[in-house]
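Examining the three-dimensional arrangement
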Amino acid sequence: MTIRLFFGNLESMKQELDKAYIPQDNEDKIYKIWEDSGLFNPDNLGLPDSAPSYTIVLPPPNITAKLHIGHSCMLAIEDLLIRYRRMNGYRALWLPGTDHAAIATQMVVEKKIFQETGQTRHDLGREKLLEEVWRFLKSTQATILHQTKKMGSSLDWSRVAFTFDQERQVAVNRMFVDMYREGVIYRGERIVNWCPHCHSTLADDEVEYKEQQAKLYTFKYSADFPISISTTRPETKLGDTAVAVNPKDERYKDYIGKEYDVDFCGQALHIKIIADRNVESDFGTGALGVTPAHSMVDWQMAQANNLPVIKVIDEDGLIHDGFGKYSRLTAEAARQLVIEELRGRNLMEAEDDITNNLSVCYRCDTPIEPLPSKQWFVGVDVKLDRLGGKSLKEKALEAAQTKAIEFIPERFNKRYQDWMENLHDWCISRQIWFGHGIPVWYKGDESYCGESAPEGDGWIKDEDTLDTWFSSGMWTFSTLGWPDNYKGGVKSGDLAKFHPTQILETGYEILTLWVSRMVMMSFFALGEIPFEKVYLHGTILDAKGKKMSKSKGNGVDPLDAISEYGADALRLSLLMGSTPGNDSRYSAEKIEAKRNFINKLWNISRYILSTINPETNLQSDEIPIAKTLADRWILSELISTRISIKTRLENFEFSLAAEELTDFTWNKLADWYLEIAKIEKDKDAILVYLLKNILIMWHPFIPYVTETIWAQLEDGLLLVRQWTQDENFVPDAEAVEQINSLQEIIISIRNARSENKIEPGRKIKALIHGQESFLTESVELIKGLKTGLSDLEIESAGDIPVNSIAIATSHLDIYLLDAVDAEKEKARLLKEKENLEKVIANLKTRLSNEEFVSRAPENIVKTETEKLNGYLLELDKINKLIV
Ligand SMILES: [Zn+2]
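Keep in mind the model is a prediction, meaning the values are calculated, not measured.

Parameters and conventions
Residues numbered from 1 in each chain as written. Predicted model: local features only at pLDDT ≥ 70, side-chain atom pairs only at ≥ 80, totals over all residues. Heavy atoms only, no water. Salt bridge = Lys/Arg side-chain N within 4 Å of Asp/Glu carboxyl O. Helix = DSSP H or I, 4+ residues; strand = E, 2+ residues; numbered from the N terminus. Buried < 20%, exposed > 50% of the residue type's maximum accessible area, 1.4 Å probe, protein only. Contact = heavy atoms within 4.5 Å. Donors = N, O, S within 2.8 Å, 3.2 Å for Na, K, Ca; no water. Tetrahedral: all angles 85-135°; square planar, octahedral: opposite > 155°, others 65-115°. Pairing = 2+ DSSP bridges. Patch = residues over 30% accessible without salt bridge, like charges linked within 9 Å, V, L, I, M, F, W, Y side chains within 5 Å. Areas by Shrake-Rupley, 256 points an atom, 1.4 Å probe, with all protein chains shown as cover. Lys, Arg positive; Asp, Glu negative; His and termini not counted. Charge placed at Lys NZ, Arg CZ, Asp CG, Glu CD. Core = buried A, V, L, I, M, F, W, Y, C linked by side-chain atoms within 4.5 Å.

Here we look at the pattern of salt bridges
Enumeration over the complete set of coordinates arrives at 63 salt bridges. Here Asp621 ties to Arg721 by a salt bridge, and the two come within 3.0 Å at their closest N and O atoms. Linking Asp621 in the loop between helix 17 (588-611) and helix 18 (629-650) with Arg721 in the loop between helix 21 (703-710) and helix 22 (733-755), this pair joins segments that are 100 residues apart in sequence. Asp621 sits in the partly exposed class, given a relative accessible area of 42%. Given the relative accessible area of 11%, Arg721 is considered buried. In this structure, Lys668 and Asp663 form a salt bridge, with 3.0 Å as the shortest nitrogen-oxygen distance.

Here it is as structure tokens:
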């Protein structure tokens, strides 16, 4: 065999395959060859203009930590999709990047600094903290990119992006300014979810709920106030401006509209009684103390009723000045004080234990304080000329309703729509230091919004930063050259070639946080969807079905798994057994089994390459000529498999595709055809064709080992080798049926030998009663395929030979002659008869049970009946044998 070169100028791969496949010796080398080839970049694929694009943007991993096994699963799926399309004529672009993850990153760095030096960010100051953040970011970013490459990811590194790099800053500023000018972005005072620990606002879906035991206090503000109220947080009542009751509640009807001045535990309040349909009459006293500054619902009531807003709690979770002895206390301490006052004044009517949901910060678990605050918002209900008079929310809903965006699995369409329908304006400002700045400047009462600072002195930039999802929401188009590639409503360059992207593959847990925002941002910027499909993967759990976590110590470092088993084995173990939207399990046994399969593939390849004539043409792409029944069968099965794999991959059935391919490779090819080839001989062209095609099909799953073997077969990389497109293929049904029949005969003979304890080395004779002519032609195969037959006769029919072991298959009868003594065989048949009669009796009873027949599904009844008929036939045959 001649030495094959990659593109002639790259290092030569070994002339012969090593005895065993050692991933560690090959993977880095192969990845470098791929990278150096430039073929991860679709522009270098040499495709005609008419070639369709297939684009995936990699969900940018947060640069807060190393990648975990869930990321590996995501990489395996996306690489599979992109390699498959690249090998099928698509302009396949998989675009890499990382996410600065503003708040998450700042928290990690702050924590690290505090652990190391005991300093807080306030000790350090803004500039010094940001320096530390960037230093941290550089090192984690490098780790993440290294891990990503180790998985074999065929990402176009020439287009790598970062949500906080120069290009993305330009894009974010432009987006903000455009949205501001069209009235979508506005600044307003709102109740926000405030984390007193992170010192920042949180989006609604960054708030988590924890069940807790709490006390529900029932009391009156003062002795002369007519209505009792209930609350779990009496200290917030220092800011009450109204009491709301249900307008239908007879108890309070007469009070509606009245106003009272009260002395609440030493603080003067002015309370108005208002009616609100949302007040539940049967909760507590049916009357609600309205605290506009510290509850979203109360804020809305205050807006509707023109009530004043009194702020009680500040950004540190302390009571504001101006509340006498309560001022500067923590909310918790103020609560105790208020409770004591109420008890002392004999106003407390009840203290009940209840269970309720506490809102906590998803980052640090601190209870959320709803606070009024000046923040920037994206108005999701603003009607826009550029969207034909529709709002961002309406367009984003429409995309799901019309299925312009398809969700996989489908059930997530509804979840997305439910969330969208309840969407409030999106608060995008964050009170942290690390993140995209807000392109707004202030001078006295003046403000200016623009892509760069205004002329003149004295302008001060807004100190807040943007919610991290604002920049990642633009990911599909900010990475493709927006805004430069978008002029006058016309896309150009990468944006024209690759947007909308074909699929977004991500975890279902960020459907609302990220996916929905990407849809709105894309509609605003480009008036189109960001992706045609959303594939949502599940979580990878440990072998016992538990969530992996650092603290539990059950996590798996992908790099450890790769160094032990190789990236291919890791990929295959993650791809097999994973279905969209469902969690799957990871175990060492599973990855070991995949490594064993990869070794099997390696051995099959070595065997084929070592047996073929060195003069065999390895470059040919023609389907070889079938000379025997087995040739016809294996070629038909190969093409059927190839068509099925294509369909499955296009339907996202990765696991089923890999199972089918495993069956073809291990069972059909290795266990049967290679054994047949040893007998029939002279099959070099077919063997090469089979090997090449299984490598092509396996490549998207296990790219390293397949590329390594491929180097022995063809010039050029398997990475870009095109799949054969099978048009108008008709399976060779006859060959498939006949080979299946032969397999049944062979397996039956093998089983009968072992059941009857015939020594493996002992040659025996056999007789088959059967009609088909292919049997006569296959005598040598049946004898040769580990049946231990010295002689085989085929007769169309005849008497049952005496002293033989009889085997009944579905189509014919096989007799092993002189294999066993007659008494033993008779005893065996009688035993079998007895067993069969029992089974038949049971089935008959079952089928004569009217209740069963009327209740069981029709197909079950049908299968049971068929089973019974089969057993009856078998019994009949056995009865004839027992003479
Ligand atoms: Zn927090």
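Structural notes on the environment of Met175
Residue position: Met175 is located in helix 6 (residues 166-181). Note on Met175: relative accessible area 0%, which makes it buried. Setting aside anything within four residues of it in sequence, one finds Met175 in contact with Phe470, Met474, Phe477, Trp482, Met521, Phe524 and Ala525.

Side note on the coordination of the zinc ion
Coordination of the zinc ion by the protein involves Cys195 (SG), Cys198 (SG), Cys361 (SG) and Cys364 (SG), with metal-donor separations of 2.2 to 2.4 Å. Relative to the metal, the 4 donor atoms surrounding the zinc ion lie at angles of 102 to 116°, and the coordination shape comes out tetrahedral. Taken in chain order, the donor set of the zinc ion reads C-x2-C-x162-C-x2-C. With Cys198 in the loop between strand 5 (185-195) and strand 6 (200-202) and Cys361 in strand 13 (residues 348-361), this residue pair connects regions lying 163 residues apart in the sequence. Take Cys198 and Cys361: they sit in the same class, and that class is buried.

Here we look at the pairing of strand 5
Each regular strand displays side chains that alternate between the two surfaces of the sheet. Note that strand 5 and strand 14 (residues 369-378) share 10 bridges and pair antiparallel. Residue pairing for strand 14: Tyr186 is matched across the bridge by Phe377. Strand direction decides the pairing type here: strand 5 and strand 6, joined by 3 bridges, are antiparallel. The residue bridging Asn193 from the neighbouring strand is Leu202, located in strand 6. Counting the residues between successive antiparallel strands, the hairpin from strand 5 to strand 6 contains 4 residues, one of them, His199, with a positive phi of roughly 60°.

Looking at the side chain of Glu341
Along the chain, Glu341 turns up in helix 8 (residues 331-344). Judged by its relative accessible area of 18%, Glu341 falls in the buried class. Ignoring anything within four residues of it in the chain, the contact list for Glu341 reads Cys265, Lys325 and Tyr326.

Examining a positive patch on the surface
On the surface, Lys544, Lys546, Lys547, Lys552 and Arg585 cluster together to form a positively charged patch. Along the chain, Arg585 turns up in strand 27 (residues 584-585). Taking relative accessible area as the criterion, Arg585 reaches 48% and is therefore assigned partly exposed.

Remarks on the pairing of strand 19 (residues 446-449)
Inspection of the sheet shows strand 18 (residues 440-443) paired to strand 19 by 4 bridges, in the antiparallel sense. Directly across from Val440, in strand 19, lies its bridge partner Cys449. The turn linking strand 18 back onto strand 19 is made up of 2 residues, and Gly444 within it adopts a positive phi angle of 60°.

So, the nonpolar core
Nonpolar side chains in soluble globular proteins tend to end up buried together. Formed by 137 residues in total, the largest nonpolar core has its most connected members in Trp698, Phe701 and Leu816. Of all hydrophobic cores here, the second largest spans 63 residues; its members include Met175, Leu397, Met474 and Phe531.

No statement about biological role is implied by the geometric values presented.
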